[in-house]
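In case you want the letters, here they are:
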Amino acid sequence: MKRYVYINDDESSHELYCDNRISNRKYTVLNFLPKNLWEQFSRFMNQYFLLIACLQLWSLITPVNPASTWGPLIFIFAVSASKEAWDDYNRYLSDKKANEKLVWVVRQGIRKHIQAQDIHVGNIVWLRENDEVPCDLVLIGTSDPQGLCYVETSALDGETDLKTRLIPTACMGIDFELLHKIKGVIECPNPDKDIRRFDANLRLFPPFIDNDVCPLTIKNTILQSCYLRNTEWACGVAIYTGNETKLGMSRGIPEPKLTAMDAMIDKLTGAIFVFQIVVVMVLGIAGNVWKDTEARKQWYVLYPLEGPWYELLVIPLRFELLCSIMIPISIKVSLDLVKSLYAKFIDWDSEMIDYETGIPSHATNTAISEDLGQVEYIMTDKTGTLTENRMIFRRCCISGVFYGNESGDALKDTRLLSAVAGCSTDVVQFLTVMAICNTVIPIKSKTGAILYKAQSQDEDALVNAAAQLHMVYVNKNANTLEIRFNSSVIKYEVLETLEFTSDRKRMSVVVKDCQNGKIVLLSKGADEAILPYAYDGQQTRTFIEAVEQYAQLGLRTLCLAWRELTEDEYQEWSLMFKEASSTLIDREWRIAEVCTRLEHDFEVLGVTAIEDRLQDGVPETIETLRKAGINFWMLTGDKQNTAIQIALSCNFISPEPKGQLLLIDGKTEDEVCRSLERVLLTMRITSSEPKDVAFAVDGWALEIALKHYRKAFTELAILSRTAICCRVTPSQKAQLVELLKSCDYRTLAIGDGGNDVRMIQQADIGVGISGREGLQAARAADYSIGKFRFLKRLILVHGRYSYNRTAFLSQYSFYKSLVICFIQIFFSFISGVSGTSLFNSVSLMAYNVFYTSVPVLASVLDKDLSEGTVMQHPQILFYCQAGRLLNPSTFAGWFGRSLFHAIVVFVITIHAYAYEKSEMEELSMVALSGCIWLQAFVVALETNSFTIVQHLAIWGNLVAFYVINWIFSAIPASGMYTIMFRLCRQPSYWITMFLIVAAGMGPVLALKYFRYTYRPSKINTLQQAERMGGPILTLGNIEPQQRSIEKEVSPLSISQPKSRSPTPVYEPLLSDSPNSSRRSLGSRSSSSYSRNCKDN
Amino acid sequence: MSSNTPSSSAGGVGSADSAAPRRNSKRPKYSKFTQQELPACKPILTPRWVISAFMLVSIVFIPIGVVSLFASRDVVEIIDRYEIECVPQNLRNNKVSFIQSDANKTCTRRLTVPKLMKQPIYVYYQLDNFYQNHRRYVKSRSDSQLKDNSSWNDVSSCKPEDMSNGQPIVPCGLIAWSLFNDTYTFSLNNQQLAVNKRGISWKSDRDSKFGNDVLPRNFQNGTLIGGKSLDPTVPLSKQEDLIVWMRTAALPTFRKLYGKIERDLQPNETIIVTLENNYNTYSFNGKKKLVLSTTSWLGGKNDFLGIAYLTVGGLCFFLALSFTGVYLVKPRRLGDPSYLSWNRNPGGH
């Protein structure tokens, strides 16, 4: 389980570990064909088509030329294979480029330029400024005297700020020349994909240093694909190479996502397949019976008396081949084509470009656009998703004094400014903590201004605010940092940094004041992580009040505290800390434990309040999407009060009296259970609109609920349309998504940070906001957008249109295949059930891949309702969510229509072309043209909006049909020589065509008109309203009134809150509340609300 | 309609399009296509539109139906079913053995012209219950052999009539083998009535499907004799009966052209047909009919199109009327917002 890396000893590692050759390729030249074919044939549809194509090679049973199946099949396969091959070739090229890059590596004590792929574990690699790191390295030397270097990790985690990395203490101060000869062993775990953890030990061999074990953390490594910045050079020992690096391990092909629509299409395909088998069996038996009774009498057929053993199979197999076109081979190609166009429409949409950054929206996953239209639950992150994640220091409370309450900006509060000018001790201490209790790196730009590189936006805000209050964090040099306060420079030596973890919820630094040698612990953290640890005598009441007050304003609060340490206390603790940091097992937990031994008896200095503004258009977006029947869950790592305030201010939950917010809390199983049951009971009996009842749960209670009361919680999740989950971890976010998915809901997860990645990958649709927390989420997501408000357009416009279009396209594909197939079946009844194909091979092939595919492709431009109407009536999305446009019953409609049209074409053709005109080739062309005419009119009837493209596709295709057939008719060898010319000269041909169109479309049109006028769906009504102009203008007037009420109470105003007591908004509605008896009366119907709405 | 877009932020951004400075080259190019904003016409099914469409169809279809029906009625047709009559009375209970025997199969039929028949009068034979479209049958031919003398031994697709006595058959296959072999001679007023048998096949078939250098070879030489034999000195392109027969029919009831009578026939004239009843349809209960027919612009006598047109036209008229009636009795405002249920109980379902 462990890996021992011997530094500078590359011989021994050769056999054990791989070299640094990166390979992202899926195929090699040799295995491409078999592997790719194998992959393609793992799909049922492809297997089916291959079977059909193979059967067709048997000339005894094939009704048509095998080319009519092999052609499209090979085409489809060639398209997918060449796409794969092209992708793989590009991967090969980029791999090759990376592999052949020259790097400096120490070989036999001399630095050499070698190719990156020849690096072995244990080699010492030298990097210069702005070099890309070729493999995972443990730092052993840098140009910086303090052993620091800076790396940019954006390729790894998407964070754009620079991170510091430092060499292990054991390597500190080793001479430049000696670094070539250094020997030692690094004991490290086997490769894993955790890019935030590296628990290892380093032991250098004599003569370098005493035989001491030195702990290594992720801070001592630089990982593959990072860039070295602001550092002249650095060198390190290769520990993981090639595909075993942390990046290589975390690389993986995410599971392809299947949309609900794909599943439905698969289901329908299965149904058609079963139908086809039934038809084949019936016709096969009928054929054999007919053969034995009738065909034996038909002397001209000359059936042999004794057939081969397989004779009974011949006719069923012939029918199988005849009916094989029931499952359209073109559907996959058409769907892939239109889906990539949907994705392009998203990329192209000029209304979804973030004009601040100029980033357009992007659909990474081109296959799931329809799912956007079927979203039922949206799980959203708070910070950076709903809010801008641009932190601004707004208020603070220093030892009981509130600053910034009047103006809303503490930096302009004259009292604070004068306190700073007067060097009030409390304030100076407070500012010191603000300025240096962090991991910010100040960088002096060329102009002399100081820029801060911070990993967290909060720290950035605090340091900048401190700087504006004249406490400027000037410089950081290894372990010493300088701050300048009112032109006097104060130096501190950083002894220890106790880093922030989401479990501890606080971070601390231990610093030594260089002036007086005092050792101080500076801490900042969440209120519950600081205030309980205040020293006994301290009054924390004002701070608690401050925290509450700020949280109600939607501000993020941090408590700042400090404590003076004695030298002994520090030394004693420091040993423990060192030991804990060098453990390999459970290091994080051990460190946390050791940290708590220091972090107590704080003197709380004050509370900071940072504002994180809502993004533009968030309330409107949420309101619109909620009207569209989408349920919102907010999953945030932030604290409950802040989350609730943000939720209120962005229409997430309604304030009292309309809204109810139920809390699930508790620390123990029992408490959580009781609380959960109470909420569930309330939820069941509540009579207010379900969307106004929300529940809030925190991470701790959630964990218990998910572990022990999963069933109850699931029920609650189904009942409640809104939920706020605070203090949840990334894996809990993913668990919640999983929970809703398991209830068969379509979920969309939207987030912007690395902590949302798991949720985004887990959800049916992942949307990433390319925000300030880097691009990590956007990379993992299926769609990336610039702002939350684009979600509205993404779902209502793109998702809805995609759903409608795919619903039409897929059903139409089945329809047109069924029409031709039914005609073949009918024809078999008048051809002695012998399996003769009425149509020739060329026509069959062209029918499927050309005549009927082109017009329908133009439906990607079809819009049933204009974007404005959809935005105004988002409720219409319900049709997509409930799958109203593609389900077994709509499919049955199309099935019936295909049967009807087949009957019309067949009956009219055989009667109009009877007796002397019943020539096979002519009759087949008459039937085929009848089908083509009907197709054109069916597409035309189902098209809601005709653009020039649609007209061209529909009517141009009809013309193209004749042109193509004229061309074929001019070729003597084509099997339909002169047929089309003859037909087009006959008046009876044209008369027959018109008859087919009128007889086929008349009833369809009448039925559609009747439904449209007397049983209109809501889509129809809106279409009528929209296109006749008029009453639609007044439609939206009921909802905005509600909005204005909500707006009034939206509490993110900067004015002083009227009362200190919590507003009743998030008062849990208890079962003994006076309202409950009244509520229980008319409540039953709403209990199963979310399911009901699908059935009506 | 877009004028009333709610003041959503998305709309706001859209309008800011031109104002915002172009900072990023990644930005997609604006075009009406990429924005899905191509000008579109959006028809809706208003009562007026639908009713007038149905009305229009009925107005167009009924006259066409009438004209077609008249055209069909103008065609004069004499149909004579002869396969039973032409078997001597005493042999009628075993017709198959009669047809397979060497007995004299000559038979005389008298046809009376009901109405004036203008030339050209087409002579057809009609077979019933004959599956020329049977899969085994329809495939059993070799187009390359028929077309080109050099591929005379290309008989792979002709089974089981591909070889006879070890030699390829030209023309091979079941279709050619089962060539219809009844013959008709017509006389009118004791005078031979000339039947022109030239030009009864498609010109394109004679010119490019059947080669003028392909001579029948080894045809009807096997143990089983199917139908007619061919004159081995006449190239296939001149064997028009074969060419006509090889144009397989799609339906089990079909007529094939036998010849043309190129003179008018007066009403009540009696044509005496002397026919050789050779072809075996008895084993499968097939009917044989001799048909003399004139032709119209629409083809032969076929009432179907006329009746279908009248029916469809009538139904459309009826639909148009009833839609109008319903529309007048129960008018319904299109796009009435009260049909939107979320407006009826706001915030609800």
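Rules and cut-offs
Residues numbered from 1 in each chain as written. Chains lettered and ligands numbered in written order. Predicted model: local features only at pLDDT ≥ 70, side-chain atom pairs only at ≥ 80, totals over all residues. Heavy atoms only, no water. Helix = DSSP H or I, 4+ residues; strand = E, 2+ residues; numbered from the N terminus. Contact = heavy atoms within 4.5 Å. Areas by Shrake-Rupley, 256 points an atom, 1.4 Å probe, with all protein chains shown as cover. Salt bridge = Lys/Arg side-chain N within 4 Å of Asp/Glu carboxyl O. Buried < 20%, exposed > 50% of the residue type's maximum accessible area, 1.4 Å probe, protein only. Patch = residues over 30% accessible without salt bridge, like charges linked within 9 Å, V, L, I, M, F, W, Y side chains within 5 Å. Buried area = accessible area lost by both parts, 1.4 Å probe. Polar contact = N/O pair within 3.5 Å; in protein donor to acceptor, adjacent residues only side chain to side chain. Nonpolar A, V, L, I, M, F, W, Y, C, P; charged D, E, K, R; others polar. Pairing = 2+ DSSP bridges. Axes fitted to C-alpha atoms, helices over the stretch in contact; angles between N-to-C directions. Disulfide = S-S within 2.5 Å.

1. Looking at the overall build of chain B
Phase 1 of the analysis: Looking only at helices and strands, chain B features 10 helices and 10 strands.
Phase 2 of the analysis: Sequence-distant contacts, at least 24 apart, represent 79% of the contacts inside chain B between residues at least 6 apart.
Phase 3 of the analysis: Accessible surface, chain B: about 16600 Å² in total, of which carbon and sulfur atoms supply 54%.

2. Some points on the pattern of salt bridges
Pairing between side chains of opposite charge can happen when the charged atoms of each approach one another.
Phase 1 of the analysis: Following the criterion strictly, the structure yields 52 salt bridges over all chains and no others.
Phase 2 of the analysis: Notably, a salt bridge pairs glutamate 611 of chain A with arginine 394 of chain A, separated by 3.1 Å at the nearest N-O pair. With glutamate 611 of chain A in strand E26 (residues 603-614) and arginine 394 of chain A in strand E16 (residues 387-398), this pair connects stretches of sequence that are 217 residues apart.
Phase 3 of the analysis: The salt bridge partner of arginine 255 of chain B is glutamate 77 of chain B, with a shortest N-O separation of 3.0 Å. Placement of arginine 255 of chain B in strand E8 (residues 254-261) and of glutamate 77 of chain B in strand E1 (residues 77-81) is noted, with a sequence separation of 178 residues between them. Glutamate 77 of chain B shares its class with arginine 255 of chain B; the two are buried.
Phase 4 of the analysis: Taken together, the shared-partner salt bridges connect Asp349, Glu351, Arg793, Lys863 and Glu867 of chain A into one network.

3. Brief notes about a nonpolar patch on the surface
Residues and elements named next belong to chain A.
Phase 1 of the analysis: On the surface, a cluster of nonpolar side chains totalling about 500 Å² of accessible area is made up of Val959, Val963, Trp966, Ile967, Ile971 and Phe981.
Phase 2 of the analysis: Element by element, the count of residues in the nonpolar patch is highest for helix H33 (residues 948-969), at four residues.
Phase 3 of the analysis: Within the secondary structure, isoleucine 967 is located in helix H33.

4. Focus: the interface of chain A and chain B
Phase 1 of the analysis: At the interface, 114 residues of chain A touch 103 residues of chain B.
Phase 2 of the analysis: Roughly 9900 Å² is buried in total at the junction of chain A and chain B, and carbon and sulfur atoms are behind 66% of that figure.
Phase 3 of the analysis: Taken together, the connections running from chain A to chain B amount to four salt bridges.
Phase 4 of the analysis: Between arginine 255 of chain B and glutamate 916 of chain A there is a salt bridge, with the nearest N and O atoms lying 3.9 Å from each other.
Phase 5 of the analysis: The interface formed by chain A and chain B holds 23 residue pairs in polar contact (both at pLDDT 80 or more) in total.
Phase 6 of the analysis: Looking at which element gives the most residues to the side of chain A that touches chain B, the answer is helix H35 (residues 987-1014) of chain A, with 16 residues.
Phase 7 of the analysis: Classifying every residue of the side of chain A that touches chain B gives 57 nonpolar, 34 polar and 23 charged.

5. So, the sheet that holds strand E1 (residues 2-7) of chain A
All names here are of chain A.
Phase 1 of the analysis: Spatially, four strands are ordered E1-E8-E9-E10 in an open sheet, and the strand pairing comes out antiparallel. Every other strand in the sheet has two partners, leaving E1 and strand E10 (213-216) as the edge strands with one partner each. Averaged over neighbouring strand pairs, the angle between their axes works out to 20° when direction is ignored.
Phase 2 of the analysis: Direction of pairing for strand E9 (residues 200-204) relative to E10: antiparallel, over a ladder of four bridges. Bridge pairing in E10 links asparagine 201 to proline 215.

6. Notes on the state of the cysteines
Residue and element names in this part refer to chain B.
Phase 1 of the analysis: Per the stated rule, a full pass over the model turns up two disulfides over all chains.
Phase 2 of the analysis: Disulfide pairing is shown between cysteine 86 and cysteine 107; the S-S distance is 1.9 Å. Judged by the sign of its S-S torsion, about -70°, the bond between cysteine 86 and cysteine 107 is left-handed. Separated by 21 residues along the polypeptide, cysteine 86 in the loop between E1 and helix H3 (95-100) and cysteine 107 in strand E2 (residues 106-112) bring together distant segments of the chain.
Phase 3 of the analysis: According to the relative accessible area criterion, cysteine 86 is buried, its value standing at 5%.
Phase 4 of the analysis: On the accessibility criterion, cysteine 107 (9% relative accessible area) is buried.
Phase 5 of the analysis: Between the sulfur of cysteine 158 and that of cysteine 172 lies a disulfide, 1.8 Å long from S to S. Here cysteine 158 is found in the loop between helix H5 (143-147) and strand E4 (163-164), whereas its partner cysteine 172 is found in the loop between strand E5 (167-168) and helix H6 (174-177), with 14 residues between them in sequence.
Phase 6 of the analysis: Owing to a relative accessible area of 0%, cysteine 158 belongs among the buried residues under this scheme.
Phase 7 of the analysis: Relative accessible area serves as the criterion here: at 1%, cysteine 172 is assigned to the buried category.
Phase 8 of the analysis: With cysteine numbering restricted to those in disulfides and following the sequence, chain B has the pairing 1-2, 3-4.

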